[in-house]
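These are the residues of each chain, in order.
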Amino acid sequence: MPSPTNYTDTYLDKGRRKRMCEELKRHGISDALVLAAMGEVPRHWFLDPSIGANAYEDHAVPIGCDQTISRPSTVAMQSQLLAVKKDMKVLEIGTGSGYQTAVLCAMGAKVFSIERQHGLFVETKVKLLKLGYRAQCYYGDGYKGTPSLSNAPFDRIIITCGAPFIPLPLMQQLKVGGIMVIPVGETEQEMLRVTKNGETQEEWVVEKCGTGSYRFVPMLEGRQVNR
Ligand code: SAH
């Protein structure tokens, strides 16, 4: 996918972002950290320039490699459910365009992000670095969690693709007291927040959150080499 050639952020872009945040508030987003981060990160930098003003509309947008970036209200809702605090270690499954990664960085989290598509992984890793978002990006299979176990356990885990179930290795890499936000379902998903109150499964609290059903791209097994 072509990236912007020069990363400008005009008054028009800033204005669109401000309007997007007003809209998010009307959608029930109240977490100041989420609103500040989404008000700050230029979403259009993560999308094909031809998307133009639509970057700030509440739509899912294609990002190449048959993948889509979630609509702003979904990014905001997942980020709010995650209840991130500064300096927390957050694992993201599905780096994609890097927009959600950048939002988490702007919230002050230490972000580790895994992408299974090699093309997207390389492109987005380079882009995030260039834009100054200091996330650690990995090419790997999110079902297995971090390829570098020394990073685990995490305070928070966010899955940005539709998972058929809650992957056990990910729960094992979550700290006790930690929160996972994951859309679960085959064609449509419901948003689940899992709070890990202890090591045993009986101590995991699963809540259905959000507004009805979602359509994320599927969480697929294994790494994909070709674009
Ligand atoms: N957070 C991204 C969303 C991208 S769409 C953004 O803000 O743009 C979801 C991404 O999850 C896709 O890039 C897809 O390739 C990736 N994905 C799907 N299954 C995966 C898996 N098992 N491990 C890692 N990434 C996966």
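Cut-offs applied
- Residues numbered from 1 in each chain as written.
- Predicted model: local features only at pLDDT ≥ 70, side-chain atom pairs only at ≥ 80, totals over all residues.
- Heavy atoms only, no water.
- Near = heavy atom within 4 Å.
- Polar contact = N/O pair within 3.5 Å; in protein donor to acceptor, adjacent residues only side chain to side chain.
- Areas by Shrake-Rupley, 256 points an atom, 1.4 Å probe, with all protein chains shown as cover.
- 1 Å grid on protein atoms, 1.4 Å probe; cavity = no way out; pocket = protein on both sides within 12 Å on 5 of 7 lines; lining within 4 Å.
- Sits in = over half its atoms within 2 Å of the grid points.
- Helix = DSSP H or I, 4+ residues; strand = E, 2+ residues; numbered from the N terminus.
- Nonpolar A, V, L, I, M, F, W, Y, C, P; charged D, E, K, R; others polar.
- Salt bridge = Lys/Arg side-chain N within 4 Å of Asp/Glu carboxyl O.
- Core = buried A, V, L, I, M, F, W, Y, C linked by side-chain atoms within 4.5 Å.
- Buried < 20%, exposed > 50% of the residue type's maximum accessible area, 1.4 Å probe, protein only.
- Contact = heavy atoms within 4.5 Å.
- Pairing = 2+ DSSP bridges.
- Axes fitted to C-alpha atoms, helices over the stretch in contact; angles between N-to-C directions.
- Disulfide = S-S within 2.5 Å.

Quick word on the site of the ligand
Around the ligand there are 27 residues in total, and G94, S97, E115, G142 and L220 lie nearest to it. A distance of 3.0 Å is found between a nitrogen atom of the ligand and a side-chain nitrogen or oxygen belonging to D141. Between a nitrogen atom of the ligand and a main-chain N or O atom of L220, the distance comes to 2.6 Å. For the ligand, whose accessible area on its own is 580 Å², the fraction buried by protein is 99%. Under a 2 Å grid-point criterion requiring more than half of the atoms, the pocket assigned to the ligand is the largest pocket. Sorting the residues of the shell around the ligand by element identifies strand 2 (67-69), strand 3 (89-93), helix 4 (99-106) and strand 4 (110-115) as the ones contributing at least two each. If you tally residues by element for the shell around the ligand, the top one is strand 2, at three residues. Split by residue class, the shell around the ligand holds eleven nonpolar, twelve polar and four charged.

A short note on the pattern of salt bridges
Oppositely charged side chains may form a pair once their charged atoms are brought near each other. Counted according to the given criterion, the structure contains twelve salt bridges. Of the charged contacts, one joins K86 and D87 as a salt bridge, the two residues approaching to 3.9 Å between their closest N and O atoms. For E207, the salt bridge is made with R193, and the minimal N-O distance between the two is 3.1 Å. Taken together, the residues E207 in strand 9 (residues 204-214) and R193 in strand 8 (residues 189-196) connect sequence positions 14 residues apart. The structure contains a network of salt bridges with shared partners spanning D9, K14 and R17.

Section: the nonpolar core
One finds M38, F46, V90, Y99, L104 and Y133 to be the most contacted residues of the largest nonpolar core, which totals 48 residues. Not counting residues up to four positions away in its chain, the partners in contact with Y133 are V41, P42, F46, A102, C105 and L128.

Regarding the sheet that holds strand 4
If you trace the seven strands from one edge of the open sheet to the other, you get 5-4-3-6-7-8-9, paired in mixed fashion. The open sheet has two edge strands with one neighbour each: strand 5 (136-139) and strand 9. On average, each strand axis in the sheet is tilted by 15 degrees relative to the strand beside it, whichever way the strands run. Two strands pair when backbone bridges link them, and strand 6 (residues 154-159) and strand 7 (residues 174-184) are joined in this way by four bridges, in the parallel orientation. Bridging across to strand 7, R156 finds its partner in I179.

So, helix 3 (residues 72-82)
In an α-helix, one turn spans 3.6 residues; hence positions three or four apart end up facing the same way. The buried fraction of helix 3 amounts to ten of the eleven residues, a majority that puts the element mostly inside the structure. Where helix 3 is concerned, the buried positions are P72, S73, T74, V75, A76, M77, Q78, S79, L81 and L82. Of the residues flanking the end of helix 3, it is A83, one or two places downstream, whose phi is positive at about 50 degrees.

Description of the state of the cysteines
The full count for this structure, using the stated rule, is zero disulfides. Cysteine C137 shares no disulfide, and the gap to the nearest cysteine sulfur, in C105, comes to 8.3 Å. Classification of C137 as buried rests on a relative accessible area of 9%. Here C161 is not disulfide-linked; the sulfur of C65 is the nearest cysteine sulfur, at 14 Å. C161 sits in the buried class, given a relative accessible area of 9%.

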